[in-house]
Every structure is written in C-alpha cells, then in structure tokens.
There are 2 protein chains.
Amino acid sequence: MRFEIEKKLKNKLGRAGKITTPNGVIETPSFTVVGTKATVKSLTPEQVNSLGAQAVLGNTYHLYLQPGDDVVKAGGGIGKFMNWKGPTVTDSGGFQVFSLGAGFGTGENKFSKKDNFVQSSTLNNSEHGKLAKIDEEGVEFQSHIDGSKHYFTPEKSIEIQSNIGADIIFAFDECTSPTAEHEYQKEAMERTHRWAKRSLDHHNHLVARHPSRNKQALFGIVQGGRFEDLRKESAKFMAELCPPAGGFDGFGIGGSFSKEDLDEALAWVNKILPESKPRHLLGIGEPIDLFIGVENGVDMFDCVSPTRIARNGTLYTKEGRINIENAKYTKDFSKIEEDCECYTCKNYTKAYLAHLFRAKEMLASTLASIHNLYFIVNLVKNIRQSILDENFDEFKEEFLKSYYAK
Amino acid sequence: MRFEIEKKLKNKLGRAGKITTPNGVIETPSFTVVGTKATVKSLTPEQVNSLGAQAVLGNTYHLYLQPGDDVVKAGGGIGKFMNWKGPTVTDSGGFQVFSLGAGFGTGENKFSKKDNFVQSSTLNNSEHGKLAKIDEEGVEFQSHIDGSKHYFTPEKSIEIQSNIGADIIFAFDECTSPTAEHEYQKEAMERTHRWAKRSLDHHNHLVARHPSRNKQALFGIVQGGRFEDLRKESAKFMAELCPPAGGFDGFGIGGSFSKEDLDEALAWVNKILPESKPRHLLGIGEPIDLFIGVENGVDMFDCVSPTRIARNGTLYTKEGRINIENAKYTKDFSKIEEDCECYTCKNYTKAYLAHLFRAKEMLASTLASIHNLYFIVNLVKNIRQSILDENFDEFKEEFLKSYYAK
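Residues numbered from 1 in each chain as written. Chains lettered and ligands numbered in written order. Predicted model: local features only at pLDDT ≥ 70, side-chain atom pairs only at ≥ 80, totals over all residues.

**Points about the sheet that holds strand β8 (residues 139-142) of chain A**
All names here are of chain A. With antiparallel pairing, three strands are arranged side by side in an open sheet as β7-β8-β9. Across the chains shown, the open sheet's two edge strands, defined by having one partner strand only, are β7 (133-134) and β9 (149-152). Judged from the four bridges that link them, β8 and β9 form a sheet pairing that is antiparallel. Paired with V139 across the strands is F152, a residue of β9. (Pairing = 2+ DSSP bridges. Helix = DSSP H or I, 4+ residues; strand = E, 2+ residues; numbered from the N terminus.)

Structure representation (structure tokens):
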C-alpha cells in the first residue's frame, strides 16, 4: 500500500491524497461504503460502483460468524467472494465484540438484532455488560446469532482478517463507552496498546510465512475516549510503533467520543500521528462530521448510517434530511433532488419511492440506499475537490448553511 | 396493437409470432414478468430488461389499493411511473378480488398477506368465502391491507386499467375455484360473459371519448373451469364478441383448472378462438406448463412463481429445482449453472448465495430472482426458437427429460 499527499489545507490538518492498494486506488478524503456481511445491503456491486464508491468495508465479527472466514477465504477473499472489484477493508471485530457480542445495549438499540451499532451513540457501559469477559489475552463473547461462545485475541483477529483477505485491516482493540471514566479508559487504552503490538507482530509473522500473498496493510487504532492526555498518549504510542519498516501502514481512530468532542479529539491525535500515513475515522459519517473529520486530518470514513436510514425511508438532501413516508410525498412527482445525478434521482419520483416504502417493496431500500450513498460518497469527493481547488472553507460554509438551515 | 404469426407448429396449435404495442414489440411465445405493485420484486427495471424480459404485468387490484390508479395516472402511467420502458400489461383485478379481497383461502395460504396468490392452486371455494358479495352489477370486496370495502364492476375495472395505462388490459371476470361444480361454473361463466360485453362497451366508450390517447388493447377472458362444454361455450362467446371492428384484441385464458386438465382445456379453447389474435394464459408458469401451453396455442404467460420461489431460495436448473439453503451449498464455489448466461451465474457462486440467504440479506432475493426469471424467460424464448427451427418436439423432450429426471 502506498499513500501520497497531493495537497494540504492551509492552517488546518486536512489533506487530499491517494492510497494505492493491490485492488485499486482510493482518492482521499474518501467515504468507504459498509458491506457488513460481504454485501452492501440491497445493492449489487455494480450499483455500488456506479454511485461512485471506491472501497467497501466488511465487518470481521460478522464474517467470522457468518459465513465463516474459512468460507470467504475459500471463495477467493472478500472481494472475489462478493464480486467487488475495488479495494476492500475489514475492521478488527473489536467494536462488535464489545457491543453486539457482549450484550451491550441489549433491548435498548433497535438495530441490535439486525446490524452492527452506530458507533458513537450506543455504548453506555464501560463494563461491557455482563457477557463480556476481558482478560489480558483477549475477550470471550457470545454470538448474537445463536448465543455460542467465542474467544478473540489480537492474533485471532489478524488470522481472521488474513483469511477474509481485505486490502486494509485493523489491529484488535478494546472499544469502550464514551461515558466511561478516566480510570477505565486508561486501563482499556493500555490493553489496546499491548494488543496493537501483538496484532502487528502476528501480522508480520503471517507476512513472513506467506511472502507471495498480496501484503495486507495493517492500521493501528488510537483510543483514549474523550480525554486529552489519553488520546495524545495513544497517538504517541501508535506513532512510535510505526517506523522503522514493518510498522503500521496507517491508523484507525476509534470512537468513542461524543459529537461535541470530535474536532478536539481528532486534532489532538492527528497532530501527533505521522503525516505520511493515512487515517481512518471509524464508524462516523454524518455530513457535519465529515467536514470536521477532514479539516482535522482524517483521510477515510465509513458508516452504516446512509444505508440504514435509507432503509427507514430517510433521505439526504442539500436542505437536510426528509422522510419519504411523509404523506405530502405520495403525489409529489418531483425528484428527491432535481439536480442530483444518482440513478434514483435520474429515473424515479418521490411519489414512486413513497409508494415503494408504503408497499414495503424491496426496491425501496435499493433506490433509497443508492441516493443516500451517492449523496455522502460524493459529498466527500466534493470536499476533496475543494481542498484541491483551495476553497474548502467556502464549500463547507455553503453546504452546512443549506443543510442545517431548518 | 398488431399481432403477426411467423410460424406454426405442424399438427399442433402452437405458433411463433410478434405483438407490436405502442411501447415495443413482444416476440411470442413470451413470458411476461409480474410486477404486482409497479415493481418486479427486488429488481430494478434495468435488471429486468437485462435478463431478457419483454413485458411487465401489474395487478389492477393491488395498484388500485396502493398507490391508487389516480397516482399511477398522474405519474404518467405504469411504465413511466416505474421506469419500465417496454410493453406493459394489467390483469382485470378479478382474480385478486375473488381471492385476496374476498377472504379466499385466508390463513391457508402462506403468501396471502404479502402477495397475490398462485392462481391455480389456492381457490377452494366456489362461494368465494363469506366476504365476497357478487351480484349482477359487480362485486363488493374488502381490502387485504386495511379491510376497507370496495366495489368493482366491469366498468370500474376498465376505468382503473385505463388510468394505470398499460398497453394490454383485460376484461373483468369472475374467478372460480377449480373444484367448483358445473352448476356454479356455468352461472359464473355466464356472468363473466355479460361482464366481458360491458367491459368491451365501456372500453370502446373511453376510446371514443379520448381518441388521442394510445389505444389500449383489450383482451377478453375465457372461463369455464374444467368442463369441456363450458370452456367451448366460453371460447365461442368470446370469439363472437370479436369481429367486426371494436372487438377484443386478444384473449386471456383464466385459471381455474387443475394441472392435469391444462392441455385438454387449452386445446378446447384455442381451436375455437380466432387464430389471428394472441392468447394469454393467466398466472401459470412452471416449465412443463409452458411447453403444454405453447403446443396448445398459448402466446403469452405470466406467473409470480419464478420470483416467489426465488425469495425462498429455490432456484431453477436444467436438472430441476434446488434449494440454495441446503447445507451442501455452503462451501460449493460452483455456479448455480455453469453454462447459464444470467448476471447471477456470471458473477456469483452457490456458496455466496447460500450465505446471503442464511444471513437474510436482501441481495439474496435480487440474485435469485434474476436467475429464476432468466431461466423461465429464456426457456420460453428457446421454445419460440424451436418453433422457428422446426424442432419443438426434440427440444421439449430433451428439456423435460433433464428437468424431471430426478
């Protein structure tokens, strides 16, 4: 994997760049589309490609449980298995293990049975609920599918991600609640650091054993919650694990912080992380967050939100979100956005989408997901372009003024 | 609408032909894909077109209730509303009114809440259940969605179908159970004849009132159950309603007969119906039925079965059906059919499909529906080709030997 910086923002941490992976190029800043179980929900890979997505992120926890990383490996790795011809990414499994798998938020989150969580808003318990059993070696968790018990270690996570075979993988980390206190955050962060070192060592071991395989890029994850001292300490630790050769190829920045902390926390971290390696902000993707992320040095994003809210009939527009099930749209034969170039807006009216949602037709999810992903993927592309064109601040102001006007 | 016969089977009633509609040509025999609520479930119109489908059939009953034929009309008619650029067909609403809407088979049919019925297998009650109130004028029924009461007459059905705006529409008919006795079948058939006449008169009235609109082709429906005298009487009546100018443009052949009666019943009817007009066998589409239909003079088919069974993981192959959820497919990296040219077979393995079904991912329905529709649509295309190539009998024997071998 190679990372080149093309242009930087003046007086800010943001930059436009290019990541070259064995399966293609990711122009950054970039929004990576989530394909939890080796499928972007309700879309074909061609539809994902057509809407402008450059990379797909699968979830290690989900793929390990279903269909099993051995099946994905036997199918030629996640890209070939799911017929996605571009770059791929997997997360470490940490987030799901500590939320879904450990009974986090059970009954509180309407998505808990079906999908992975919205990262920053659902972790309420620094003890990870009753079902999480963490020790120095790893974590025991229960499958959200059948309750069966499993044990993840940093080495196990790396083995699984090696089998899944994505271009970019992540070190195993402990995810904590944003409300966890300093003492627990520090303990968890220090464990995450030791696990990062073990993830890196095991990754290097696998690479040495299979030199002919495409080398996966390994990203270390910075944690530390909302605390400045911890975030800085974590960034320093990860930065030091980097050079010389064999270090991390990039960095993940883990939730959990509240939305209010986002810009500060990113600035603390990204001022310390080496400029020459890409940074992925994990699980965050609302429009405002994308601007904050980019200007504070984030190169990659991923989030289930655009497709999840799409399946509930919530659609992005430049004037904010709308819910297509609102009665006023049933006879509205205009497009979601008249000037939107997505497949959905080029071919369908609001009235047709309203009908599909009310009739609970599957095509509703497909068309809404295409629009929302197009909106977010292309917003990040436009942010990138504004860096290249040196008008980031104007673009940001104009967009946010319209989007949050109501 | 124009219908031309290109070639006939020797010593049989089958023929290859061509129907020209305002929105394009249908080469016959042809399988029309069902898009009940102005969407072919889980597919985009481009996917439907790519798999070789020539025409889409919407259900009048469903579209009347949701989103309402006024909405479809305001959206430019069914084709424009749903972004389908080829020919379109609507049924009369009769079948659903007498099954879904009248409480037919309630609780007995697993699809009763979600979809329309499989035509020939679910009608068990010649009295149409307690909720059907038939009189000479029309039929009162309850919405399967909210229980609200509605009243369909032949004139109402034609008005609705005029609003929906398909290229081919059907006269309003009474659908009976295949087990109904002769006395009731005769009574229902005679009512259907009077309703056919009223449908035709009202259609001609609408055409005269709106001469500038694309003229919809109106098909009359032959009924008569499994009784030779009634089927022949019904065919004669419909044939006589045909010439001179202003008569039916083609014919529907309504269930209900058992599978065993199919070839005889079709032969009785199609020997009487004028050769120069196309015939649509309503709601039947299993492979064996397609061959029996064609050799007995059927030009058009439609059936929900290919997409419905697809959503349950049942896939057509030349060696019969398979269920992709069978454990043996979870690590089977072969295609559904190695020589199948459909999008699904060109890009995905059985193991991937098995995973999508087990994970209850929406893409499962999409990929399975594409394969099954491709299979059936292209089977009918190949039957057509075998008529043109004068090897229908050989093709039929070879296909059925393989398909029903197990």
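And the narrative resumes.
**Observations concerning the environment of S42 of chain A**
Summarising the element assignment, S42 of chain A is placed in the loop between β4 (30-34) and α1 (45-50). In the structure, S42 of chain A is positioned 219 residues away from D261 of chain A in sequence and 34 Å away in space, judged by C-alpha atoms. Excluding anything up to four places from it in sequence, S42 of chain A contacts M362, S365, T366 and S369 of chain A together with M362 and L363 of chain B. (Contact = placed C-beta atoms within 7 Å.)

**Comments concerning the sheet that holds strand β7 (residues 133-134) of chain B**
Sheet architecture is open: three strands sit in the order β7-β8-β9 (chain B), paired in antiparallel fashion. Strands with a single pairing partner mark the edges of an open sheet, and in this sheet they are β7 and β9 (149-152) of chain B.

**Structural notes on the interface of chain B and chain A**
With 30 residues of chain B in contact, the opposing surface of chain A contributes 30 residues. If you list the elements that add at least two residues to the side of chain B that touches chain A, you get α3 (69-74), α4 (78-82), α13 (350-358) and α14 (362-388) of chain B. With five residues, the top contributor of residues to the side of chain B that touches chain A is α13 of chain B. Its residues assigned to classes, the side of chain B that touches chain A shows 13 nonpolar, 12 polar and five charged. (Nonpolar A, V, L, I, M, F, W, Y, C, P; charged D, E, K, R; others polar.)

**A closer look at the nonpolar core**
Counting 210 residues, the largest nonpolar core has L353 of chain A together with L353 of chain B as its most contacted members. Ignoring any residue separated from it by four or fewer positions in sequence, one finds L353 of chain B in contact with I324, Y348, A364, L367 and A368 of chain B. (Core = buried A, V, L, I, M, F, W, Y, C linked by C-beta atoms within 7 Å. Buried ≥ 20, exposed ≤ 12 C-beta atoms within 10 Å, placed from the backbone.)

**Notes on unusual backbone geometry**
Residue and element names in this part refer to chain A. Of the consecutive residues T28 and P29, the connecting peptide bond is found in the cis state with omega at -5 degrees. By secondary structure assignment, the location of P29 is in the loop between β3 (24-28) and β4. Residues other than glycine seldom take positive phi values, yet A38 does so here, at roughly 65 degrees. Looking at the secondary structure, you find A38 in the loop between β4 and α1. A tally of 31 C-beta atoms within 10 Å means that A38 is categorised as buried.

**Thoughts on helix α8 (residues 228-240) of chain B**
All names here are of chain B. For α8, which comprises 13 residues, the first-to-last C-alpha distance of 18 Å matches the rise-based estimate of 18 Å (1.5 Å per residue) to within 8%. Of the positions making up α8, those classed as buried are L230, R231, E233, S234, A235, F237 and M238. Residues of α8 that are buried make contact with α7 (182-209), β11 (217-222), β12 (250-253) and α9 (262-270). (Expected span 1.5 Å × (residues − 1).)

**As for the domain arrangement of chain A**
Residues and elements named next belong to chain A. With domains assigned, chain A is organised as domain 1 (2-303) and domain 2 (315-403). On the side of domain 2, 23 residues touch domain 1, which itself brings 27 residues to the contact. Taken together, the residues of the side of domain 1 that touches domain 2 sort by class into 14 nonpolar, eight polar and five charged. (Domains from an automatic or database assignment.)

**Topic: the relation of the copies chain B and chain A**
For the pair chain B and chain A, the best superposition has an RMSD of 0.0 Å and corresponds to a rotation of 180 degrees with a translation of 0.0 Å parallel to the axis. Taken together, the rotation angle and the small translation identify this as a two-fold axis. Within chain B, M362 of chain B has its C-alpha nearest the rotation axis, a separation of 3.7 Å. (Least-squares fit on C-alpha atoms with pLDDT ≥ 70 in both.)

**Focus on the pairing of strand β11 (residues 217-222) of chain A**
Of all six residues in β11 of chain A, six are buried; the element is thus mostly enclosed. Here β11 of chain A shows no split at all, with A217, F219 and I221 of chain A on one side and L218, G220 and V222 of chain A on the other all buried.

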